[in-house]
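Analysis of the macromolecular model
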Amino acid sequence: MKPTISPSILNCDISDLAGELHKIRNADFAHVDIMDNHFVPNLTWGLPVVEAVIARDILPVDCHLMIEDPDRWAPAYAEAGAASVTFHAEAAKAPLRLAGEIHRLGAKVGLGLKPDTDIHDYEDLLSYFDMILVMTVEPGFGGQPFLHSQMNKIRRVREAAKRSGVEIAIQVDGGVNRKTIEIAADAGADVFVAGSAVFKAEDAYEEVDELRRIAAAHVH
């Protein structure tokens, strides 16, 4: 299993979006965090920024929707051309119907879980999704410390997928750096969102390569 690196542009210089995307052109995706100041206590950006990143055609876009009512709003991100759209289990009213709609529009689908959300209630639904996002911080702000308590959840997701014969990616988002990416990969994660670690590095391009190298040595 190869690791996937998806730097979060939440930590980039948005006034030079094209330049910042060029810095991480060796990544697998550009991760775009959509926050509405309702589901989480922060307001970032919405569909126009996603469309701008897609239009640059430097990297495919991995959208993380931290919003209320994804049932209404999430399909638009797939329709705009996002490669992957993740919505939160805690916010979706009809997650299976929504997953089907996003798939129909041509995007992969992720299900996000906040730190206090148990995977147990969703184990039987894994086959409907391409990816499970295990938040390793409380969603809402970049730069938070990595929650080691979520490693058991990653292991439970991976074990449940194996029992069900489901191939699924496990993404971690929050506090990912050279040290914690190793821990998360050992637990069973294979998709890594790194924001501050990449965009605050001296060389973002080299940091992406280094994170991928470390993860590759530990991904199962």
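As the structure is a prediction and not an experimental result, all values here were calculated from the model.

Quick notes on the nonpolar core
Across soluble globular proteins, nonpolar side chains have a tendency to be buried as a group. By size, the foremost hydrophobic cluster in this structure holds 66 residues, and its most contacted members are Ile9, Ile24, Val53, Val85, Ile102 and Phe192. Filtering out sequence-adjacent residues up to four positions away, Val85 remains in contact with Cys63, Leu65, Ala74, Tyr77, Ala78, Ile102, Ala107, Lys108, Val109 and Gly110. Grouped together as the second largest cluster of nonpolar side chains are five residues, Phe39, Val40, Met66 and Ala91 included.

Examining the environment of Asn152
Relative to the helices and strands, Asn152 is located in helix α5 (residues 151-164). Sequence separation between Asn152 and Phe141 is eleven residues; the distance between their C-alpha atoms is 23 Å.

A closer look at the packing of α5 against helix α6 (residues 178-187)
Contact pair α5 / α6: the axes reach a minimum separation of 8 Å and the direction vectors enclose 35 degrees. Between α5 and α6, the contacting residues are Met151, Ile154 and Arg155 on the first element and Ile183, Ala184 and Ala187 on the second. Considering only residue class, the contact of α5 with α6 consists of five nonpolar, no polar and one charged.

Here we look at α5
Residues lying three or four places apart along an α-helix face the same way, a consequence of the helix completing one turn every 3.6 residues. End to end, α5 covers 20 Å across 14 residues, agreeing with the expected 20 Å (1.5 Å per residue, within 8%). Within α5 the residues assigned to the buried category are Met151, Lys153, Ile154, Val157, Arg158, Ala160 and Ala161. Considering only its buried residues, α5 is in contact with β5 (108-113), β6 (131-135), β7 (169-173) and α6. Trailing α5 by a residue or two, Gly165 shows a phi angle of about 70 degrees, which is positive.

Considerations on the environment of Val109
Within the secondary structure, Val109 sits in strand β5. Residue Val109 is classed as buried on the basis of its relative accessible area of 0%. With 90 residues separating them in the primary sequence, Val109 and Gly19 have C-alpha atoms 28 Å apart. Residues within four places of Val109 in sequence aside, it is in contact with Val85, Phe87, Ala99, Ile102, His103, Phe129, Asp130 and Met131.

Some points on the sheet that holds β6
If you trace the eight strands from one edge of the open sheet to the other, you get β1-β8-β7-β6-β5-β4-β3-β2, paired in parallel fashion. For this open sheet the edge positions go to β1 (4-5) and β2 (30-35), each flanked by a neighbour on one side alone. In terms of strand pairing, strand β3 (residues 61-66) meets strand β4 (residues 84-88) through four bridges, oriented parallel. The partner of Cys63 across the bridge, within β4, is Val85. Taken strand by strand, α5 contacts β5, β6 and β7, and its axis lies near 165 degrees from that of β7.

Reading the values: rules and limits
- Residues numbered from 1 in each chain as written.
- Predicted model: local features only at pLDDT ≥ 70, side-chain atom pairs only at ≥ 80, totals over all residues.
- Heavy atoms only, no water.
- Core = buried A, V, L, I, M, F, W, Y, C linked by side-chain atoms within 4.5 Å.
- Buried < 20%, exposed > 50% of the residue type's maximum accessible area, 1.4 Å probe, protein only.
- Contact = heavy atoms within 4.5 Å.
- Helix = DSSP H or I, 4+ residues; strand = E, 2+ residues; numbered from the N terminus.
- Axes fitted to C-alpha atoms, helices over the stretch in contact; angles between N-to-C directions.
- Nonpolar A, V, L, I, M, F, W, Y, C, P; charged D, E, K, R; others polar.
- Expected span 1.5 Å × (residues − 1).
- Pairing = 2+ DSSP bridges.

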